[in-house]
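Listed here are the chains, written in short residue letters.
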Amino acid sequence: MPELGSAATKAELGLGAPGGTTRLCPPNAVDSPAAARRLAGTPMSRAYSRPFCLASFLATAAFAAGEPPAPVFRPQDIDTTIAIGYGLAIADVDGDGRPDILLADKTTVQWYRNPEWTKHVMAENLTLQDNVCIAAQDLDGDGKCEVAVGAGWNPGETIDDTKSGAVFYLVAPADRTQRWEPVRLHHEPTVHRMHWVQAPHGAWELIVKPLHGRGNRNNAGDGAKVFAYAKPADPRQPWTLSLVSDFTHASHNFHPVNWDTDPEHELLTGAKEGVFWFERAQGAWTHRPLSTHWTGEVRDGRLPGGRRFLATIEPMHGNVAAVYVDPANTTDLWPRQVLDETLRDGHAVVAADLLGIGSDQIVVGWRAMTPRGAPGVRMFTPLDSEGRQWRTTEISGVEVAVEDMKGADLNGDGRIDLILAGRATKNLRILWNETAP
């Protein structure tokens, strides 16, 4: 059976489509006053302030043949004893040609072997504080990934780097099911996110982003120093660092992209100041703003008409899912459209073609930790070429309090599956994509 919302939720919306509860409305509309109360968690006066969309019921009952298919997912928990599930990565660890799942949990770093999902602990107790992020990428073309981990998670300590932050490169043993050797690298306080990113010369570099700048209080002070780490032939020797950015505050996440024809990656970064695009075609990193809204999560995709979009959660740990569409004038800020304002502690975004229709959908996950509430996962599907109208589908509910989420084809069937790490729910879950082609 696909992952569904509760029976009460479906009855309230008057729907029961396979794979989730589907709603067809303008972005700021709700299907009924009851649904408005459920979604917004607000008094009736505020619930009625959003437009009522009776047409959605009629449209849902009369989907045309060209309507995007309803998503169908089958859940499988592969671990129900994780501690927090801070960070996920998807890569082939053992070189068998299958993508495996890697997880930076509270005190352990582990990988799960595809397809039986046997758990193998790679490292444990790297620091006195928690692990917080992980990055995995095949750097040398041997079919096996290299791994880096961020640890020392202590966001309240922004000055003393002996008490906050840590970066490790893990040297793989001959038998990758055994413990890996941690090599400690330079770090800033409040290390929070990392990615392997391809540089102009073709090599891969590790980019590490702190949440805060040194000495920050209340998201103010010096900007966070984001560094690119160039790996030496012997990873135990010093790594060369270069500065990527030093001006953002409360910068929760970033995302590598390649929007042009050169081999190197660019970056999208979400921060208190907005979303920024970084590139280094001429050598040094340069940037330009794409939005001015405080952004916690950001990913990119393509609309049915081919235009690029950004999918965001706003602000950091926010309640808003928004989409930005590439403007005609590339120097302009990107126009913003709010898709949802009812998330609780939004913490992850995936943008991918999960429906197999040649354009991308947006999936957002929230953990409902602060403020407290019901966690969930929701999909937004564009229904026109320019992304003016979107369909909303409930994918998961209280079963997973999403701390992190990735999309990948895990079984080679050509469909993007979802991998969820649940913080409060203590589970690592695969949502197998069984949407009809």
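Below, the structure is looked at part by part. Note that this is a predicted model, so its numbers are computed, not measured.

**A look at the sheet that holds strand β6 (residues 118-124)**
Taken in spatial order, the four strands make up an open sheet running β3-β4-β5-β6, and their pairing is antiparallel. The sheet is open, and its two borders are formed by β3 (87-91) and β6, each paired with just one other strand. Recorded for the sheet is a direction-independent mean angle of 20° between the axes of neighbouring strands. Across five bridges, β3 lies against strand β4 (residues 100-104) in antiparallel orientation. Note that in β4 the partner of Ala89 across the bridge is Leu102.

**A look at the pattern of salt bridges**
Per the stated rule, a full pass over the model turns up 23 salt bridges. Among the salt bridges present, the one from Glu67 reaches Arg391, with a minimum N-O distance of 3.6 Å. In this pair, Glu67 is assigned in the loop between α4 (55-61) and β2 (73-79) and Arg391 in strand β26 (residues 390-396), connecting sequence segments 324 residues apart. Take Glu67 and Arg391: they sit in the same class, and that class is buried.

**Here's the deal with unusual backbone geometry**
Between Glu314 and the following residue, Pro315, the backbone shows a cis peptide bond with an omega angle of -20°. If you trace the backbone, Pro315 turns up in the loop between β20 (308-314) and β21 (320-325). Note the cis peptide between Thr370 and Pro371, where omega equals 0°. Structurally, Pro371 is set in the loop between β24 (361-366) and β25 (376-382). Although it is not a glycine, Asn125 adopts a positive phi angle of roughly 55°. Positionally, Asn125 belongs in the loop between β6 and β7 (133-137). Its relative accessible area of 52% is what places Asn125 among the exposed residues.

**A few points about the packing of aromatic side chains**
The geometry of two aromatic rings is summed up by the distance between their centres and the angle between their planes. Summed over the entire model, instances satisfying the criterion amount to eight aromatic pairs. Arranged with centres 6.4 Å apart and planes meeting at 50°, the rings of Trp117 and Trp432 form a pair that is tilted. Residue Trp117 is found in the loop between β5 (108-113) and β6, and its partner Trp432 is found in strand β29 (residues 427-433); the two are separated by 315 residues along the sequence. Clustering of aromatic rings is evident, with ring pairs tying together Tyr169, Trp196 and Trp239.

**Looking at the pairing of strand β15 (residues 253-257)**
β15 sits mainly inside the fold: five of its five residues count as buried. Across five bridges, β15 lies against strand β16 (residues 266-271) in antiparallel orientation. Residue pairing across strands places Val257 opposite Glu266, the latter belonging to β16.

**Some points on the sheet that holds strand β22 (residues 336-340)**
Pairing is antiparallel across the open sheet formed by four strands, whose spatial order is β19-β20-β21-β22. The open sheet has two edge strands, β19 (297-302) and β22, and neither has a second partner. Strand-to-strand twist of the sheet, defined as the mean angle between neighbouring strand axes without regard to direction, takes the value 25°. Inspection of the sheet shows β19 paired to β20 by six bridges, in the antiparallel sense. Its bridge partner lying in β20, Asp300 is registered against Leu310.

Procedures and definitions
- For every chain, the first residue of the written sequence is number 1, and numbering continues from 1 along that sequence.
- pLDDT decides what is reported in this predicted model: residues at 70 or higher carry local features, side-chain atom pairs at 80 or more are listed and counted, and totals for whole chains, interfaces and linings draw on all residues regardless.
- To get the side-chain values, all heavy atoms of the structure are used, and hydrogens and water are removed first.
- Should DSSP find at least two bridges between two strands, the strands are regarded as paired.
- Secondary structure elements follow DSSP: runs of H or I no shorter than four residues count as helices, runs of E no shorter than two count as strands, and numbering proceeds from the N terminus.
- Orientation is described by lines fitted to C-alpha atoms, with helices fitted over the stretch in contact, and by angles between N-to-C directions that extend from 0 to 180 degrees.
- Should a side-chain nitrogen of Lys or Arg be within 4 Å of a carboxyl oxygen of Asp or Glu, the pair is scored as a salt bridge.
- Only protein chains enter the area calculation, which uses a 1.4 Å probe; residues under 20% of their type maximum are buried, those over 50% are exposed, and those in between are partly exposed.
- Between 30 and 60 degrees the pair is tilted, below 30 it is stacked and above 60 it is edge-to-face, where a pair is any two Phe, Tyr or Trp rings, Trp via its six-membered ring, whose centres lie within 6.5 Å.

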